[in-house]
Amino acid sequence: MAIRNIRELGDEILTKEAREVTELTPKITELIEDMFDTMYEANGCGLAAPQVGVRKQVVVIDCGDQPLVLINPVILETSGSQTGNEGCLSVPGKCGVVTRPNYAKVKALDENFEEYIIEGEELLARCLCHEIDHLHGVMYVDKVEGKLMDVEQGEEE
Ligand code: ZN
């Protein structure tokens, strides 16, 4: 159990493609635990491995319903759209308006390396898309409509 250092905008690793996880090792399990600790400590609702300096396709999400682990996630389907404020733990103190699908269906492996399908709407759909973007080196700041704004207190992802 450990809090890891969150990489911030400008760090090269955030622009790189993350690698697929081929095997569930104790190192990956430890990474997942640390990512949850780091995300909760920072009051975020999602975190991708590149944000803690690891170029692997691992995401953790907790939008309040249940903690989710997504290894090698793939978006299967999206529909609708939602426009709203978004933030990122790698861009502290900022937020901006981003349009995302209102529904996303994602295939991933869980913490036991078992495949499952997760469907999300609204915040969860936004969070899934945002975090999976991180695995492909895409930051939400590139999708912001208008300007990045300052936030007083974060609902950061
Ligand atoms: Zn983010």
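Here goes a summary of the coordinates provided. In this text, all values refer to a predicted model and were calculated from it rather than measured experimentally. (Residues numbered from 1 in each chain as written. Predicted model: local features only at pLDDT ≥ 70, side-chain atom pairs only at ≥ 80, totals over all residues. Heavy atoms only, no water.)

1. Some words on the sheet that holds strand 4 (residues 82-86)
Strand order across the open sheet formed by 3 strands is 4-5-8, with antiparallel pairing between neighbours. In this open sheet, the two edge strands, each paired with only one partner strand, are strand 4 and strand 8 (145-150). Averaged over all neighbouring strand pairs, the angle between strand axes comes to 25°, with direction disregarded. (Pairing = 2+ DSSP bridges. Helix = DSSP H or I, 4+ residues; strand = E, 2+ residues; numbered from the N terminus. Axes fitted to C-alpha atoms, helices over the stretch in contact; angles between N-to-C directions.)

2. Topic: helix 1 (residues 26-41)
Under the 1.5 Å per step criterion, the end-to-end length of helix 1 is 22 Å for 16 residues, consistent within 8% with the ideal 22 Å. Residues Ile28, Leu31, Ile32, Asp34, Met35, Phe36, Asp37, Thr38 and Met39 constitute the buried set of helix 1. Check the buried side of helix 1 and you find it contacts strand 1 (46-48), strand 2 (58-61) and strand 3 (68-79). Where helix 1 terminates, the next one or two residues include asparagine 43, which has phi positive at roughly 60°. (Expected span 1.5 Å × (residues − 1). Buried < 20%, exposed > 50% of the residue type's maximum accessible area, 1.4 Å probe, protein only. Contact = heavy atoms within 4.5 Å.)

3. A closer look at the side chain of glutamine 51
On the secondary structure map, glutamine 51 appears in the loop between strand 1 and strand 2. The class for glutamine 51 is buried, based on a relative accessible area of 0%. Separated by 2.9 Å, the side chains of glutamine 51 and serine 90 make a polar contact. Those residues in contact with glutamine 51 that lie beyond four places of it in its chain are Asn5, Ile6, Arg7, Leu14, Gly46, Cys88, Leu89, Ser90, Glu131 and His134. (Polar contact = N/O pair within 3.5 Å; in protein donor to acceptor, adjacent residues only side chain to side chain.)

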